[in-house]
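Structural overview for review
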Amino acid sequence: MILPTPSPIRCPVCSEPLMLQDNMIACQNGHPFNIAREGYANLLLSHQRKAKQPGDDPEMVMARRRFFDSGAFDVLTEAVTELPTIGNDDNAVLDCGCGEGHLLGTLSEKYRGFFCGIDISKKAIQVASKRWKNAAWFVANGMRNIPVATNSMDSILSILAPRNNDEFHRILKPDGVLIIGVPGFNHLIELRKQLQFSSGDFKEKADTAAEKCAPLFEEANRIAVSGKVALNREQITDLIRMTPIFWRSSDAAKAAVMQLSSLTVTVSFTLLRMTKK
Ligand SMILES: C[S@@+](CC[C@H](N)C(=O)[O-])C[C@H]1O[C@@H](n2cnc3c(N)ncnc32)[C@H](O)[C@@H]1O
Ligand SMILES: [Zn+2]
């Protein structure tokens with residue numbers, strides 16, 4: 001576990017800074033949190049956990065891990081790692097809803113700085129922390145009181161994940177940048193057609209995200225990222241496993257798609273760069 005001094009990570013019980021102490025992190029009021037074998041800490045208090053296993057389940061997490069590892073979302077990884085503000089050395093970056101950690105992990109290998117990933121899924125944080133050692137990983141709820149100090153982060157990433165804009169505004173430094181990633185124009189349109197979904201173009205997702213932020217954030221710019229990827233059968237199966245919206249299509253349509261030996265799909269994302277008002 002890597003934590004800078006002073007620590008920007010806050011105790012979920014009393015909000016005092018959490019600092020490293022032997023094989024745990026603790027605040028000055030003596031609230032301790034173990035550091036697991038993989039290197040992460042679980043800051044989710046039991047009364048904050050509605051489901052027994054909140055967030056993405058282990059099967060979804062591992063499907064996402066394989067899918068990223070296959071290179072199918074490389075356009076997204078490259079776009080995020082090339083963002084002008086995010087890679088400045090010595091910046092502090094929070095990835096809220098980081099999943100299995102591919103985006104933040106890649107950033108943490110490329111740049112110096114403090115990289116902190118939180119996700120409510122324990123399995124996601126376990127596999128993230130096992131692989132990427134240059135970042136700090138926490139199981140925490142990104143929709144409630146995020147255990148990160150006020151005015152402490154230079155950038156926040158929220159990529160395909162739920163958002164708490166009030167909390168993002170509190171955590172960002174005055175000149176910090178919030179980066180929101182949503183599905184873009186015609187994202188996975190070919191797969192959606194095969195699974196008999198209406199072929200909407202997702203344009204409204206970026207507009208809706210910007211509107212929801214508008215009371216607190218100003219849109220600096222939008223970056224459209226897209227490419228065509230030829231998926232093999234394993235990749236198609238993983239993509240369906242990791243994307244809950246596809247589970248709603250009929251079993252017959254899913255079975256037919258999983259029989260395809262390949263399918264070329266459009267991958268498309270919109271990255272919104274928002275600054276504090
Ligand atoms: C679609 S995945 C995206 C993961 C990652 N950002 C990526 O691009 O690969 C959404 C993630 O949000 C997490 N999540 C859902 N609700 C959350 C919450 N309340 N707090 C933190 N993470 C949450 C899920 O566990 C899942 O890992
Ligand atoms: Zn405490």
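This text gives an overview of the structure that appears in the document. Computed from a predicted structure; not experimentally measured.

A closer look at the sheet that holds strand S1 (residues 19-21)
What the three strands build is an open sheet, ordered S1-S2-S3; its pairing is antiparallel. Only two strands of the sheet have a single neighbouring strand rather than two, namely S1 and strand S3 (32-34). For this sheet, the mean inter-axis angle between neighbouring strands, taken without regard to orientation, is 35 degrees. Looking at chain direction, strand S2 (residues 24-26) and S3 are connected through three bridges and run antiparallel. Paired with Met24 across the strands is Asn34, a residue of S3.

Quick notes on the pairing of strand S5 (residues 91-96)
With respect to burial, S5 is a largely interior element, six of its six residues being buried. Burial of S5 is two-sided: the residues Asn91, Val93 and Asp95 facing one way and the residues Ala92, Leu94 and Cys96 facing the other way are all buried. Judged from the six bridges that link them, S5 and strand S6 (residues 113-119) form a sheet pairing that is parallel. Across the sheet, residue Ala92 finds its bridge partner in S6, namely Phe114. In terms of handedness, the path from S5 via helix H3 (residues 102-110) over to S6 forms a crossover that is right-handed. The pairing of S5 with strand S8 (residues 153-159) spans three bridges and is parallel. Within S8, the residue paired with Val93 across the bridge is Ser155.

Observations concerning the packing of helix H8 (residues 233-242) against helix H10 (residues 251-258)
Direction vectors running N to C along H8 and H10 enclose 150 degrees, while the axes themselves pass 9 Å from each other. With respect to each other, H8 and H10 are oriented roughly antiparallel. Side by side, H8 and H10 meet where Arg233, Ile236, Thr237 and Ile240 of the first sit next to Lys254, Val257 and Met258 of the second. Of the residues in the contact of H8 with H10, the class split is four nonpolar, one polar and two charged.

Overview of the nonpolar core
Ranked by internal contacts, the top residues of the largest apolar core, which has 48 residues, are Trp137, Leu191 and Leu271. It is strand S11 (residues 262-276) that contributes the most residues to this core, five residues altogether. Aside from chain neighbours lying at most four places away, what touches Trp137 is Met1, Tyr40, Ala41, Cys98, Gly101, Leu104, Gly105, Gly117, Ile125, Ala128, Ser129 and Trp132. If you look at the next biggest cluster of nonpolar residues, it comprises 35 residues, including Cys96, Ile118, Ala136 and Ile180.

Digging into the sheet that holds strand S10 (residues 217-232)
With mixed pairing, the eight strands of this open sheet are ordered in space as S4-S7-S6-S5-S8-S9-S11-S10. Edge positions in the open sheet fall to strand S4 (41-42) and S10, since each of these has one partner strand only. Sheet analysis places S6 next to strand S7 (residues 136-139), joined by four bridges and oriented parallel. Residue pairing in the sheet places Ile118 in a bridge with Phe138 of S7. Contacts from helix H4 (residues 122-131) reach S4, S6 and S7, with the element oriented near 165 degrees to S7.

Some words on the coordination of the zinc ion (ligand 2)
At this site the zinc ion (ligand 2) is bound by Cys11 (SG), Cys14 (SG), Cys27 (SG) and His31 (ND1), with donor distances of 2.1 to 2.3 Å. Taken in chain order, the donor set of the zinc ion (ligand 2) reads C-x2-C-x12-C-x3-H. Of this pair, Cys11 sits in the segment before S1 while Cys27 sits in the loop between S2 and S3, placing them 16 residues apart in sequence. Its relative accessible area of 2% is what places Cys11 among the buried residues. Overall, the relative accessible area of 3% leaves Cys27 in the buried class.

About the criteria used
Starting from 1, residues in each chain are numbered consecutively following that chain's sequence as written. All chains are assigned letters beginning at A, and all ligands numbers beginning at 1, according to the order in which they are written. Local features in a predicted model are, by the rule used here, given only for residues with pLDDT of at least 70; side-chain atom pairs are given and counted only at 80 or more, and totals for whole chains, interfaces and linings are based on all residues. With hydrogens and water excluded, all non-hydrogen atoms of the structure serve as input to the side-chain values. A pair of strands is treated as paired once DSSP finds two or more bridges between them. A run of H or I in DSSP becomes a helix once it reaches four residues, and a run of E becomes a strand once it reaches two; helices and strands are each numbered from the N terminus. The angle between two axes is taken between their N-to-C directions and runs from 0 to 180 degrees, where each axis is a line fitted to C-alpha atoms and a helix contributes only its stretch in contact. When a residue's accessible area, from a 1.4 Å probe over protein chains only, is under 20% of the maximum for its type it is buried; when over 50% it is exposed; and in between it is partly exposed. By definition, the crossover connecting two strands over a helix is right-handed if that path, from the first strand to the second, turns clockwise as seen with the strands pointing away from the viewer. Angles are sorted into four bins: roughly parallel if under 35 degrees, roughly antiparallel if over 145, roughly perpendicular if 65 to 115, and oblique for all others. Working rule for contacts: check all heavy atoms of both residues, and any pair within 4.5 Å makes them a contact. Residues are grouped as follows: nonpolar covers Ala, Val, Leu, Ile, Met, Phe, Trp, Tyr, Cys and Pro; charged covers Asp, Glu, Lys and Arg; every other residue, Gly included, is treated as polar. Throughout, nonpolar core names a set of buried Ala, Val, Leu, Ile, Met, Phe, Trp, Tyr and Cys residues whose side chains join them through atoms within 4.5 Å. A donor here means any N, O or S atom no more than 2.8 Å from the metal (3.2 Å for Na, K and Ca); water is not included, so a site may seem to lack partners.

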